[in-house]
Amino acid sequence: MKQALGIDLGTANTLVFLTGEGIVLNEPSVVAVNQDTGEILAVGAEAKRMLGRTPEYIRAQRPIKDGVIADFTNTKAMLEYFIQKVCRPNFFRRPDLIICAPYGITDVEKRALLDAAMQSGVNDRGIYLMDEPMAAAIGAGLPVLEPKGSMVVDIGGGTTEIAAISLGGIVESCSLRVAGDALDEAIVDYIRRSCKMTIGTQTAEFIKTTIGTAFVDDDTIEDKLVVKGRDVSRGMPRSLELTNFHVAEAIYPVLMKIVEGITSVLEKTPPDIAGDIYDCGITLTGGGALMNGLDRLIQDATGLKVTVAEDPLGCVVRGTSLVLDGPDDYTCILTNAKEYY
């Protein structure tokens, strides 16, 4: 069987599926570069450990921002590194590739993504583009090819993709550049304003994943975490005790933007499809779906049943694997790279 790859090239994490083996890679989308020489020093998990802890001549960064390429050179290097790591392509064996992109990005942004893929060692005649919300819906097991409406909300690192889907197409959608990274920034801002202490985004992410909660009520049990950073006024290291109630207050405005996006899509969805969504509810995918209480928050805001998909972080790349297993069924979903050249 010809080798083929499915790649979810996310703002925060990259996941790779390889035919015959399953999901073979899940690493942070981070590159560390020597700014003096341009040499790539580290990629993935090793590079992420350097974020916020590098000397002046080393820059650790995410080359993908808000779901699209912000640094072409480093995106190409990162993609090539990940592909070489999982399948070692060469002149005689170059795999086909399905790569996912946020719905609604411009043709220029799609072209940049495809250019990076073409230069990474895969078969340049077998590169296909797939919309992230569609891939997430397939990976979550929604009946995307049937004449039945369903809704998926894919909350990644840089973007939140909201889509109503039926008969293999996206009927109504919304792509928000508000997601996991925005939640981290909200926590950083809250601690600076309310606690007079500065922390890094790595610490904010740890707070979010450890005690972060999207919904609190009278039955919520208080959870505490000691956080370390730098005092704003004195400039000296210090610590403070943070609770899940503080985190919920910090991230609430960001989560409301996601809720507004969901209600906006629902308001524009045709009545028959809206009726189907009322019956089957909303499915949450992406790493952001793992946040405690998020399903409850959206359920209270919309009045609809909300379900978190099994392994939400892997839904997009799992969707590409199902497409690779049955490409004839999903022809209408894929876009060949040739259309952009």
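Structure: see above.
Residues numbered from 1 in each chain as written. Predicted model: local features only at pLDDT ≥ 70, side-chain atom pairs only at ≥ 80, totals over all residues. Heavy atoms only, no water.

*Asks:* Explain the layout of surface pockets here, please?
*Replies:* In this approach, a probe sized like a water molecule rolls over the atoms, and the result shows the empty space that is left. The space that makes up the largest pocket amounts to roughly 620 Å³. What lines the largest pocket is a set of 33 residues, among which Asn13, Gly156, Gly287, Gly288 and Leu313 lie closest to the centre. Residue assignment for the lining of the largest pocket shows that the elements contributing at least two residues are strand 1 (4–9), strand 2 (13–18), strand 11 (150–155), helix 5 (180–195) and helix 6 (201–211). Split into classes, the residues belonging to the lining of the largest pocket amount to ten nonpolar, 15 polar and eight charged. Quantified by volume, the second largest pocket comes out at close to 390 Å³. Looking at the second largest pocket, it is lined by 20 residues, and the ones nearest its centre are Arg62, Lys65, Asp181, Glu185 and Thr201. Those elements giving two or more residues to the lining of the second largest pocket turn out to be strand 7 (64–65), helix 5 and helix 6. (1 Å grid on protein atoms, 1.4 Å probe; cavity = no way out; pocket = protein on both sides within 12 Å on 5 of 7 lines; lining within 4 Å. Points joined across faces, edges and corners; volume = space filled by probe spheres on them. Helix = DSSP H or I, 4+ residues; strand = E, 2+ residues; numbered from the N terminus. Nonpolar A, V, L, I, M, F, W, Y, C, P; charged D, E, K, R; others polar.)

*Asks:* Explanation requested: empty space enclosed by the protein in the structure shown.
*Replies:* By the definition in use, this model includes two cavities of 30 Å³ or more. Its volume calculated, the largest cavity comes out at about 60 Å³. As for the largest cavity, its lining consists of Leu9, Ile64, Gly67, Val68, Ile69, Cys100, Ala101, Pro102, Ile105, Glu109 and Leu113. Along the lines of polarity and charge, the residues of the lining of the largest cavity split into nine nonpolar, one polar and one charged. The volume enclosed by the second largest cavity comes to roughly 30 Å³. Every residue along the wall of the second largest cavity is listed here: Ile155, Leu183, Leu255, Ile258, Gly288, Met291 and Leu294.

*Asks:* Help me out: how do you make sense of the sheet that holds strand 19 (residues 335–336) in this one?
*Replies:* Sheet strands pair by backbone hydrogen bonding; their relative direction is either parallel or antiparallel. The six strands lie next to each other as 3-2-1-9-10-19, forming an open sheet whose pairing is mixed. Sheet topology places strand 3 (22–28) and strand 19 at the edges, where each strand pairs with a single neighbour. Where strand 10 (residues 127–131) meets strand 19, two bridges bridge the pair, whose relative direction is antiparallel. Bridge pairing in strand 19 links Leu129 to Thr335. Strands in contact with helix 2 (residues 72–87) are strand 1, strand 2, strand 3 and strand 9 (96–101); relative to strand 1, the strand with the most contacts, it is inclined by about 140°. (Pairing = 2+ DSSP bridges. Contact = heavy atoms within 4.5 Å. Axes fitted to C-alpha atoms, helices over the stretch in contact; angles between N-to-C directions.)

*Asks:* When you look at the nonpolar core in this model, what are you seeing that I'm missing?
*Replies:* Soluble globular proteins tend to bury their nonpolar side chains together. Judged by nonpolar contacts, the single largest core of 48 residues is most densely connected at Ile187, Ile191, Ile199, Ile207, Ile282 and Leu294. The leading source of residues in this core is helix 7 (residues 244–268), at ten residues. Leave out the neighbours within four places in its chain, and Leu294 touches Ile155, Ala214, Leu255, Leu284, Gly288 and Ala289. Residues Ile7, Ile69, Ala101 and Tyr340 belong to the second largest nonpolar core, which totals 31 residues. (Core = buried A, V, L, I, M, F, W, Y, C linked by side-chain atoms within 4.5 Å. Buried < 20%, exposed > 50% of the residue type's maximum accessible area, 1.4 Å probe, protein only.)

*Asks:* Can you walk me through the packing of helix 5 against helix 6 in this structure?
*Replies:* Axis angle and axis distance: for two packed helices, these are the angle between their axes and the distance between the axes, and together they describe the pair. Following both chains from N to C, one finds helix 5 and helix 6 inclined at 105°, their axes separated by 9 Å at the closest point. Classified by the angle between their axes, helix 5 and helix 6 sit roughly perpendicular to one another. For the pair helix 5 and helix 6, the contacting residues are Gly180, Leu183, Asp184, Ile187, Val188 and Ile191 in the first and Thr201, Ala204, Glu205, Ile207 and Lys208 in the second. Among the residues making up the contact of helix 5 with helix 6, the classes are represented as six nonpolar, two polar and three charged. (Parallel < 35°, antiparallel > 145°, perpendicular 65-115°, else oblique.)

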